[in-house]
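# Remarks on the overall topology
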Amino acid sequence: MSKTVLHLFHADPASIQTVPALADRIHATPDTALEVYVFGPAERMLTDPEKSDFNDQIDALVTAGVTVTTCIGIAQQIGAEDAFRARGLALESAATAFPRFAAEGATVVSF
């Protein structure tokens, strides 16, 4: 089974609209594993009440069984670690996540 990782770094409107929609489509594809890794400026959008559409889409992905991971270091810096865990988000340092993606032979697409 192939694995796709959608790496969401940028917090621009196009990126935060595209990644959840694309993730939903990929998740519906048979024989494809999917992970969404939210990092950097986009990770901060996970705490922004003004970004409720984005957050609702991320929560829907988690509910559908998609692994959505954030950087634990940033989560700790912004005081969101417990809130992210409560939402079902996985937490992993980028320093370990990206080598793991390589070891898994994943295709990583960055936004």
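In case you missed it, the structure is sitting above this.
For the structure given in this document, a descriptive report is provided here.

Procedures and definitions
Residues numbered from 1 in each chain as written. Predicted model: local features only at pLDDT ≥ 70, side-chain atom pairs only at ≥ 80, totals over all residues. Heavy atoms only, no water. Helix = DSSP H or I, 4+ residues; strand = E, 2+ residues; numbered from the N terminus. Buried < 20%, exposed > 50% of the residue type's maximum accessible area, 1.4 Å probe, protein only. Polar contact = N/O pair within 3.5 Å; in protein donor to acceptor, adjacent residues only side chain to side chain. Contact = heavy atoms within 4.5 Å. Pairing = 2+ DSSP bridges. Axes fitted to C-alpha atoms, helices over the stretch in contact; angles between N-to-C directions.

### Re the side chain of Ser15
Mapped onto the secondary structure, Ser15 falls in helix α1 (residues 13-27). Given a relative accessible area of 9%, Ser15 falls into the buried group. At 2.8 Å, the side chain of Ser15 forms a polar contact with the side chain of Asp12. The residues contacting Ser15, other than those within four sequence positions of it, are Leu8, His10, Pro20 and Phe111.

### Side note on the sheet that holds strand β4 (residues 90-91)
The parallel open sheet is built from 5 strands, whose spatial order is β4-β3-β2-β1-β5. The open sheet has two edge strands, β4 and β5 (107-110), and neither has a second partner. Here strand β2 (residues 32-38) runs beside strand β3 (residues 67-70); their pairing, made up of 4 bridges, is parallel. Of the residues in β3, the one forming a bridge with Glu35 is Thr67. Along the sheet face, α1 touches β1 (2-8) and β2 and points at about 165° away from the line of β1.

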